[in-house]
Amino acid sequence: MKFDLQTRDLKTGNTSPKTFESVEEGLTWLKDRPKYVDVMGIASHHVPPDVSDQLKAAMRPLDDEEKALDAKHKAAREQATEKAAKARADDRRY
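Since the model is a prediction, treat every value here as computed from it, not as a measurement.

Chemist: Any chance you could break down the packing of aromatic side chains for me, citing the residues and the numbers?
Modeler: Summed over the entire model, instances satisfying the criterion amount to 2 aromatic pairs. Geometrically, the ring pair formed by F20 and W29 is tilted, given 5.4 Å between the ring centres and 55 degrees between the ring planes. For F20, a relative accessible area of 1% puts it in the buried group. Using a relative accessible area of 16% as the deciding quantity, one classes W29 as buried. Members of the aromatic cluster, each reached through a chain of ring pairs, are F3, F20 and W29. One Lys or Arg, K35, reaches over the ring of Y36 and ends 5.0 Å from the middle of that ring.

This is the structure we're talking about:
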């Protein structure tokens, strides 16, 4: 079964899909997930829940350095969301 995972480069924050030709190929890649590549989730809608759970369980956890980069990107996203909300609120006042 061919499927895609949505990945994010932890150094740049850029996201992109990663295609796998089989579940086995995906499991192997997830176990040895390249450094600085985070998996945001399954981008294909046809993946059964049991396969999704199997893929999630196979992923190598983020190491400390990757966690720090992830936290930095999360904080930047939250700041951008707050700034956009404030701009919308300011626009409504006029």
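Chemist: So what's going on with the pattern of salt bridges? Which residues, and what values?
Modeler: All chains considered together, the criterion is met by 9 salt bridges. Between K2 and E21 there is a salt bridge; the shortest N-O distance is 3.9 Å. With K2 in the segment before strand 1 (3–9) and E21 in the loop between strand 2 (15–20) and helix 1 (23–31), this pair connects stretches of sequence that are 19 residues apart. The class for K2 is partly exposed, based on a relative accessible area of 49%.

Chemist: Tell me about the sheet that holds strand 2, residues and numbers included.
Modeler: The antiparallel open sheet is built from 3 strands, whose spatial order is 2-1-3. Both outer strands of the open sheet, strand 2 and strand 3 (37–42), are each paired with one neighbouring strand and no more. Recorded for the sheet is a direction-independent mean angle of 35 degrees between the axes of neighbouring strands. The pairing of strand 1 with strand 3 spans 5 bridges and is classified as antiparallel. Opposite L5, over in strand 3, you have I42 as the bridge partner.

Chemist: So, unusual backbone geometry: which residues are in play, and what are the values?
Modeler: Even without being glycine, Y36 reaches a positive phi, approximately 70 degrees. Tracing the sequence through the fold places Y36 in the loop between helix 1 and strand 3.

Thresholds, definitions, all that
Residues numbered from 1 in each chain as written. Predicted model: local features only at pLDDT ≥ 70, side-chain atom pairs only at ≥ 80, totals over all residues. Heavy atoms only, no water. Phe/Tyr/Trp six-rings, centres within 6.5 Å; stacked < 30°, edge-to-face > 60°. Buried < 20%, exposed > 50% of the residue type's maximum accessible area, 1.4 Å probe, protein only. Lys NZ or Arg CZ within 6 Å of the ring centre and 35° of its normal. Salt bridge = Lys/Arg side-chain N within 4 Å of Asp/Glu carboxyl O. Helix = DSSP H or I, 4+ residues; strand = E, 2+ residues; numbered from the N terminus. Pairing = 2+ DSSP bridges. Axes fitted to C-alpha atoms, helices over the stretch in contact; angles between N-to-C directions.

Everything listed here is a matter of coordinates, which is why it stays silent on function.
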